[in-house]
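Listed below are the residues making up each chain.
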Amino acid sequence: MSIEVVVPLGERSYPVVVASGGYAHLGRRLSALGLPRRLFLVTETNVGPLWASAVREVLTAAGFDIIVVTLPAGEVSKTTETWTRCVDALLDAGIDRRTPVVALGGGVLGDVAGFAAATVLRGVPFVQLPTTLLAMVDASVGGKTGVNHPSGKNLVGAFHQPVLVYAALGTLATLPAAERIAGLGEVVKTALIGDRDLLARIEEQAEALREGDVSALAPVIARCVEIKAAVVGRDERESGWRAVLNAGHTLGHAWEAASGFGVLRHGEAVALGLLAETRWAVRRGYCQDPELPRRLAELLHRLGLPTEPPTLPRDRLLGAMRVDKKARGDILLVPVAVRAGQAVLAELPVQDLIELLPEPR
Ligand code: GLY
């Protein structure tokens, strides 16, 4: 069974296929795009050994000639060096302007391979095969690509929309449970900003979602993609409204960066950020539902996500936020829920961070 969502960008619109099994229909979907028969499958050292041969088999059977490029895994590899290595491999193997780059992996791999696809020969067709929950509901959709810089996360990059996203939920079976659960942080974010019925559904099915039950996950992932697709369709390049997708990220990024990348998973940091920012939104009158923080905390707990941020020196947290691209003078523009399923971009005075980021005792 598969569910299809279209990201509405005029001539650059593309389908996101949420397939409950593996890659059985990928060959047909890729063939339908009319791309050249030679393609690059870019993957990484964790996902490649698990899924690259299944993808290669299906695509070879569909008549494609595949060159595999394997990059190092993990957030520490999301660098200009890895991007250079990818571009070198594509050029060395004779990529031309029409040759597609197919990214098989999680958010980091998709961002690096996508940035290579955006930049090599000034841009080649790009396909995303996300293998983590986080990448399925967020990173693979919407065309953000890029790498980190010593000054901060995602500071070098480009918008480059894929021509197809194919999320095979079968890949979630080989994802460590803690990674899958962390991805639920982005799922809750999407429901909180975009759909109160989805939030209620997540509450009803929290245990099944936490356990990775594909029949519970498939419609939830598809709905998250629909919500994100609508936001991206309205504001592709984040001139305003797309920032709503950064709910939970202002404080989340600070905790994630200040505790050292890799200590707190991104989705866990987002969960913590959502809770703290919603509490702040209630106190400042942006959120009209005073019960929402309690409801959110209970849901995060049931999903296996953290609700207590690490206590870190405030200077370190504020230092981590200084490179926050959302900062505008003394005010941070922070998306918060007005009520379940509806969000607004709120003005958070930097002064309020003092109260939001308690010092360790
Ligand atoms: N991950 C947020 C965005 O795509 O805009």
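Some points on the site of the ligand
In the vicinity of the ligand, the contacting residues are Asp138, Lys144, Lys228, Glu238, Arg242 and Leu245. Lys144 has a polar side-chain atom sitting 2.9 Å from an oxygen atom of the ligand. Take Lys228: an N or O atom from its side chain is 2.6 Å from an oxygen atom of the ligand. Summarising the interface, the protein chains cover 89% of the accessible area of the ligand, which totals 200 Å² for the free molecule.

Section: the environment of Gly341
Within the secondary structure, Gly341 sits in the loop between strand S11 (331-339) and strand S12 (342-349). A residue is classified by how much of its surface remains accessible, and Gly341, at 17% relative accessible area, is buried. Excluding residues within four positions of it along the chain, Gly341 makes contact with Ala191, Leu192, Ile193, Gly194, Asp195 and Arg196.

Notes on the pairing of strand S6 (residues 126-130)
Among the 5 residues in S6, 5 count as buried, and that is most of the element. Judged by which residues are buried, S6 turns out to be covered on both faces: Phe126, Gln128 and Pro130 on one side and Val127 and Leu129 on the other are all buried. As defined by bridge partners, strand S5 (residues 101-105) adjoins S6 across 5 bridges and the pair is classed as parallel. Across the sheet, Leu104 pairs through a bridge with Leu129, a residue of S6.

Things to note about the packing of aromatic side chains
All chains considered together, the criterion is met by 4 aromatic pairs. Each residue in the set Tyr23, Trp51 and Tyr166 is aromatic and connected to the rest through ring pairs, giving one cluster. The ring centre of Phe64 lies 4.3 Å from the NZ or CZ of Arg37, which sits over that ring.

Considering empty space enclosed by the protein
Scanning the entire structure with this criterion turns up 2 cavities of 30 Å³ or more. When its volume is computed, the largest cavity comes out at roughly 50 Å³. Forming the walls of the largest cavity are Glu44, Leu71, Pro72, Ala73, Gly74, Ser77, Thr82, Val108, Leu109 and Val112. Per-element accounting of the lining of the largest cavity gives the leading share, 3 residues, to helix H4 (residues 107-119). Split by residue class, the lining of the largest cavity holds 6 nonpolar, 3 polar and 1 charged. By volume, the second largest cavity is sized at about 40 Å³. Looking at the second largest cavity, the residues that line it are Leu192, Ile193, Ala247, Gly248, Leu274, Glu277, Thr278, Pro335, Val336 and Ala337. Broken down by secondary-structure element, the contributors of at least two residues to the lining of the second largest cavity are helix H6 (177-194), helix H11 (266-283) and S11. For the lining of the second largest cavity, the residue count by class is 7 nonpolar, 2 polar and 1 charged.

Quick look at the nonpolar core
Ile202, Ile221, Trp255 and Leu303 are the most contacted members of the largest nonpolar core, which has 78 residues in total. If sequence neighbours within four positions are ignored, Ile221 has contacts with Val18, Leu133, Met136, Val137, Leu169 and Leu172. If you look at the next biggest cluster of nonpolar residues, it comprises 22 residues, including Tyr23, Leu39, Leu41 and Tyr166.

Some thoughts on the pattern of salt bridges
For the coordinates displayed, the defined rule picks out 17 salt bridges. Salt bridges sharing common partners tie together Asp138, Glu186, Lys189 and Lys228.

Quick word on the pairing of strand S7 (residues 144-149)
Strand direction decides the pairing type here: S7 and strand S8 (residues 152-159), joined by 5 bridges, are antiparallel. Following the sheet pairing, Val147 is matched in S8 by Val156. In this structure, the hairpin formed by S7 and S8 is closed by a connection of 2 residues.

Re the packing of helix H10 (residues 249-258) against helix H13 (residues 314-321)
Put simply, H10 and H13 touch, their axes get as near as 8 Å, and they point 115 degrees apart. For the crossing formed where H10 meets H13, the hand is right-handed. Where H10 abuts H13, its residues Thr250, Leu251, Ala254, Trp255, Ala257 and Ala258 lie against Arg316, Leu317, Ala320 and Met321.

Let's talk about the packing of helix H7 (residues 196-204) against helix H12 (residues 292-303)
The geometry of H7 relative to H12 is characterised by a closest axis approach of 10 Å and an angle of 45 degrees between their N-to-C directions. In terms of axis orientation, H7 runs oblique to H12. At the point where H7 passes H12, the crossing takes the left-handed sense. Taking contact as the criterion, the partners of Leu199, Ala200, Ile202 and Glu203 in H7 are, on H12, Arg295, Leu299, Arg302 and Leu303.

The rules behind these values
- Residues numbered from 1 in each chain as written.
- Predicted model: local features only at pLDDT ≥ 70, side-chain atom pairs only at ≥ 80, totals over all residues.
- Heavy atoms only, no water.
- Near = heavy atom within 4 Å.
- Polar contact = N/O pair within 3.5 Å; in protein donor to acceptor, adjacent residues only side chain to side chain.
- Areas by Shrake-Rupley, 256 points an atom, 1.4 Å probe, with all protein chains shown as cover.
- Helix = DSSP H or I, 4+ residues; strand = E, 2+ residues; numbered from the N terminus.
- Buried < 20%, exposed > 50% of the residue type's maximum accessible area, 1.4 Å probe, protein only.
- Contact = heavy atoms within 4.5 Å.
- Pairing = 2+ DSSP bridges.
- Phe/Tyr/Trp six-rings, centres within 6.5 Å; stacked < 30°, edge-to-face > 60°.
- Lys NZ or Arg CZ within 6 Å of the ring centre and 35° of its normal.
- 1 Å grid on protein atoms, 1.4 Å probe; cavity = no way out; pocket = protein on both sides within 12 Å on 5 of 7 lines; lining within 4 Å.
- Points joined across faces, edges and corners; volume = space filled by probe spheres on them.
- Nonpolar A, V, L, I, M, F, W, Y, C, P; charged D, E, K, R; others polar.
- Core = buried A, V, L, I, M, F, W, Y, C linked by side-chain atoms within 4.5 Å.
- Salt bridge = Lys/Arg side-chain N within 4 Å of Asp/Glu carboxyl O.
- Axes fitted to C-alpha atoms, helices over the stretch in contact; angles between N-to-C directions.
- Left-handed = near helix turned anticlockwise from the far one by under 90°.
- Parallel < 35°, antiparallel > 145°, perpendicular 65-115°, else oblique.

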